[in-house]
Amino acid sequence: MKYTKDNIDRYYFKTDIHIKETMLKRSVLTKITKLYRLLPVILILLATKANAQMAEYNMGNFWVYATQQKSVLMDFVNSSTGVFMNNGTTYYLGNFQNDGTVGYDNTLTIDPGLSSFAGTLAQTISGSGATSFYNLQFAGTAFSLQQSVSVVNQLDLSNGIVTAQQTSLQTVMNEVQMSAGSSWVNASLASFVDGFVQKTGNTAFTFPIGNGGYYRPLTLAAPTQATDVFTARYIYADPTAGAYTRTAKASGVGEVSDKEYWILQRATGSSSPEVTLSWNSSTSATIPSDLSRLQVVRWDGSQWINEGNASTTGNATAGTITADMTGYGVITLAVKNAAKQLAVKAFLQGIWSSSTLKMNQCLTDDGVTPQFTTAVDAVSVELHKASDYSTIIYTASGLMLEPDGTIHTSGSSAVDIPGTYTGNYYITIKTRNHVETTSASALSFAADNISYDFTTADSQAYGSNQVKLKTGVYGVYAGDITGKTSTQDQMVNGRDVSQVFSQANLSTAGYAKEDMNGDGMVNGRDINRVFSNANLSIYAILP
């Protein structure tokens, strides 16, 4: 070939193309090789056809180390085969879906890192996998929690309400689960958990909860065991709307709030730490200036019961109330009427002791353990209309009768009577195995404090219908436990003797109505007591 200038130019042009093609192939091959090697840990970017929203998919193992930062600028999906470990700082600006494992490496000497949800639009947290964060921050706009997430160290509620998706307000699901020793910061009206928060451990904890745009925390004193688990949420609604009827309430319970309630459940453990609730004039029912009228009340499954008022802080505008709980569940605030105090005293013949000049406590079936903490038995007090005794104006049931004869509402030193009762009323005492006994006359309830003592004379009872226990001391007759057509027929007769005799033959033990002297067993002593009063034809003498 003749090497002309044109031939030489064409040769080098072809050679240049060949070289460039070879280099390009090598470059692509190198990249493909690198890509192939990274496949087990790579985050693949895919576009969804529905809305063209880009998402990061993790299908293998991925680590963010302690010195690293990662920002996910779009949706993040951790597949069922994905393991995403964050010991550095990861920012999520889109939705989050974990169907695999999201956690951290707790074997590193450097503390695990921060996972921050900081999107400018509402973010969804969902998936079927196990999701655990060492430090979790909510610093965005709003968050829809569609799976339970665990926080090991600290929850930072910088901004945005975390709303758990639930099948009902009372259904425990999609929780923020705070591990033992964990804490939170920055909860406020702008950022709280609208749903259930779970806390494990034996340290005091304030649940950062709210609802309806209001932040209303609940504080739990320290449980006894490190494994104890409690779950709580706040609901800004009338309890009646949740099937917790406000008008169904035990004696001594005031006006139940129609504005709000909390749910506090003891998921694991047996300890009973005290609870502190708060009130605020902008969200709560009207709070009286006399904070002693405030109560914590609990729904026991059929009615509201009084959990008391151990202490309060603040004033009618805002403050807190602490109660010693006997159980957990649905709780809220109640306000007692400006109650009158009835100081009433009575002795029961069956359990009165001539040696101590007081009553013995009723015992359980072991013959040692009292049925009640300090009280001897439970009684009821009724107010009857002066002009028509058959009309019962008010009944206070489940009252505590102390050894010295004092009768009181739980959490009070006397019997609480609503302030609306201002007329003249007979006072009647009823028990499970003694004769119904009524005051000698109707008393005026015009004053705030009323007192009546049955024990000083037999004439303190209507018809002087009391037994002499010792000189100057009188009590209610024992023995009325059954009747022909009712539980009690207001008299002591053969039916009562037969009932006690039958239970004595069965060696019945425990807190039984046939146990007249309260020693935890039914025997000959109880038969003798009932037989003696039956021979005297003892019966209730009423106006």
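Residues numbered from 1 in each chain as written. Predicted model: local features only at pLDDT ≥ 70, side-chain atom pairs only at ≥ 80, totals over all residues. Heavy atoms only, no water.

Chemist: Before we move on, could you go through the overall build of the protein chain and cite the residues and values that matter?
Modeler: A tally of helices and strands in the protein chain yields 3 helices and 43 strands. Out of the 543 residues in the protein chain, the part that is buried amounts to 47%. A fraction of 52% describes how many contacts in the protein chain between residues 6 or more apart in sequence connect residues 24 or more apart. (Helix = DSSP H or I, 4+ residues; strand = E, 2+ residues; numbered from the N terminus. Buried < 20%, exposed > 50% of the residue type's maximum accessible area, 1.4 Å probe, protein only. Contact = heavy atoms within 4.5 Å.)

Chemist: Requested: an account of the packing of aromatic side chains, with residues and values cited.
Modeler: Enumeration according to the criterion identifies 28 aromatic pairs in this entry. Between Phe192 and Tyr215, the ring centres sit 6.3 Å apart and the planes meet at 20 degrees, which makes this aromatic pair stacked. Of this pair, Phe192 sits in the loop between strand S15 (183-185) and strand S16 (193-194) while Tyr215 sits in strand S20 (residues 214-215), and the two are 23 residues apart along the sequence. One exposure class covers both Phe192 and Tyr215, and it is buried. Centroid distance Phe372 to Tyr511: 5.7 Å. Interplanar angle 85 degrees. Geometry classified as edge-to-face. Residue Phe372 is found in the loop between strand S33 (358-359) and strand S34 (377-385), and its partner Tyr511 is found in the loop between helix H2 (494-505) and helix H3 (524-535); the two are separated by 139 residues along the sequence. When its relative accessible area of 17% is taken as the criterion, Phe372 is described as buried. Judged by its relative accessible area of 29%, Tyr511 falls in the partly exposed class. (Phe/Tyr/Trp six-rings, centres within 6.5 Å; stacked < 30°, edge-to-face > 60°.)

Chemist: Lay out H2 with the relevant residues and their values.
Modeler: The end-to-end C-alpha distance of H2 is 16 Å, a good match for the 16 Å that 12 residues give at a rise of 1.5 Å each. Residues of H2 that are buried: Asp496, Val497, Val500, Gln503 and Ala504. Looking straight down H2, one finds its buried side chains confined to an arc of 135 degrees; they lie on one side. Along its buried surface, H2 packs onto H3. Two residues or fewer past H2, Ser507 is found with a positive phi of approximately 55 degrees. (Expected span 1.5 Å × (residues − 1). Arc of directions from axis to C-beta.)

Chemist: Run through the pairing of strand S24 (residues 261-268), naming residues and quoting values.
Modeler: Here strand S22 (residues 229-235) runs beside S24; their pairing, made up of 7 bridges, is antiparallel. Bridge pairing links Ala232 to Leu264 in S24. Of the pairings in the sheet, the one linking S24 to strand S30 (residues 329-335) comprises 3 bridges and is antiparallel in character. Across the sheet, Leu264 pairs through a bridge with Gly329, a residue of S30. (Pairing = 2+ DSSP bridges.)

Chemist: Just give me the short version of the environment of Leu73, but keep the residues and values in it.
Modeler: By the secondary structure assignment, Leu73 is in the loop between strand S4 (69-72) and strand S5 (75-78). By relative accessible area, Leu73 is classed as exposed at 62%. Separated by 21 residues in sequence, Leu73 and Gly94 place their C-alpha atoms 6.4 Å apart.

Chemist: Lay out the environment of Lys470 in plain terms, naming residues and giving numbers.
Modeler: Relative to the assigned elements, Lys470 resides in strand S42 (residues 467-470). Considered as a pair, Lys470 and Leu357 are 113 residues apart in the sequence and their alpha carbons are 8.8 Å apart. Excluding its chain neighbours within four sequence positions, the residues that come into contact with Lys470 are Trp352 and Leu357.

Chemist: Could you give an account of a nonpolar patch on the surface, naming the residues involved and the relevant values?
Modeler: There is a patch of nonpolar side chains on the surface, built from Trp63, Tyr65 and Leu108 and spanning about 290 Å² of accessible area. The topology assignment puts Leu108 in the loop between strand S9 (101-103) and strand S10 (114-117). (Patch = residues over 30% accessible without salt bridge, like charges linked within 9 Å, V, L, I, M, F, W, Y side chains within 5 Å. Areas by Shrake-Rupley, 256 points an atom, 1.4 Å probe, with all protein chains shown as cover. Salt bridge = Lys/Arg side-chain N within 4 Å of Asp/Glu carboxyl O.)

Chemist: Any details on the pattern of salt bridges? Residues and values, ideally.
Modeler: Applying the stated criterion to the full structure yields 11 salt bridges. A salt bridge links Glu260 to Arg216, with the nearest nitrogen and oxygen atoms 2.5 Å apart. Here Glu260, found in the loop between strand S23 (255-256) and S24, pairs with Arg216, found in the loop between S20 and strand S21 (218-220); they are 44 residues apart in sequence, far enough to count as distant. We classify Glu260 as buried; its relative accessible area is 0%. Note that Asp519 is salt-bridged to Arg525, the shortest N-O span being 3.3 Å. It is possible to trace a salt-bridge network through shared partners that takes in Asp238, Arg246 and Glu255.

Chemist: So, the layout of surface pockets: which residues are in play, and what are the values?
Modeler: Taken as a whole, the largest pocket spans an internal volume of roughly 410 Å³. Those elements that provide at least two residues to the lining of the largest pocket are strand S27 (304-308) and strand S35 (388-401). Take the lining of the largest pocket: its biggest share by element is 4 residues, from S27. Grouping the constituent residues of the lining of the largest pocket by class yields 3 nonpolar, 11 polar and 2 charged. (1 Å grid on protein atoms, 1.4 Å probe; cavity = no way out; pocket = protein on both sides within 12 Å on 5 of 7 lines; lining within 4 Å. Points joined across faces, edges and corners; volume = space filled by probe spheres on them. Nonpolar A, V, L, I, M, F, W, Y, C, P; charged D, E, K, R; others polar.)

Chemist: Tell me about the environment of Leu291, residues and numbers included.
Modeler: Along the chain, the position of Leu291 falls in the loop between strand S25 (275-280) and strand S26 (294-299). Residue classification places Leu291 among the buried residues on the basis of a relative accessible area of 11%. When the C-alpha atoms of Leu291 and Thr313 are compared, they prove to be 8.5 Å apart, with 22 residues separating the residues in sequence. In contact with Leu291, not counting residues within four places along its chain, are Trp279, Asn309, Thr312, Thr313, Gly314 and Asn315.

Chemist: Provide a residue-level description of the sheet that holds strand S29 (residues 318-323), including the pertinent values.
Modeler: In space, the 5 strands of this open sheet follow the order S18-S21-S25-S29-S28, with antiparallel pairing throughout. Of all strands in the sheet, those with a lone pairing partner are strand S18 (205-207) and strand S28 (311-314), marking the two edges. Across this sheet, the average inter-strand angle for adjacent strands is 20 degrees, counted without regard to direction. With 4 bridges joining them, S28 and S29 adopt antiparallel strand pairing. In the strand pairing of S29, Gly314 is matched with Gly319. (Axes fitted to C-alpha atoms, helices over the stretch in contact; angles between N-to-C directions.)

Chemist: Tell me about empty space enclosed by the protein, and name the residues and values.
Modeler: Per the counting criterion, the structure on display carries 1 cavity of 30 Å³ or more. Approximately 40 Å³ is the volume found for the largest cavity. Along the walls of the largest cavity sit Lys199, Thr200, Gly201, Thr203, Phe205, Phe207, Leu220, Pro223, Asp228 and Phe230, which together make up its complete lining. Counting residues per element, the ones that place at least two in the lining of the largest cavity are strand S17 (197-200) and S18. Taken together, the residues of the lining of the largest cavity sort by class into 5 nonpolar, 3 polar and 2 charged.

Chemist: Account for the packing of H2 against H3, naming residues and giving values.
Modeler: It is at 9 Å that the axes of H2 and H3 come closest, and there the two elements cross at 170 degrees. Looking at the two axes, H2 sits roughly antiparallel to H3. On H3, the residues touching Asp496, Val497, Val500, Phe501 and Ala504 of H2 are Asp526, Ile527, Val530, Phe531 and Ala534. Looking at the contact of H2 with H3 residue by residue, the classes come out as 8 nonpolar, no polar and 2 charged. (Parallel < 35°, antiparallel > 145°, perpendicular 65-115°, else oblique.)

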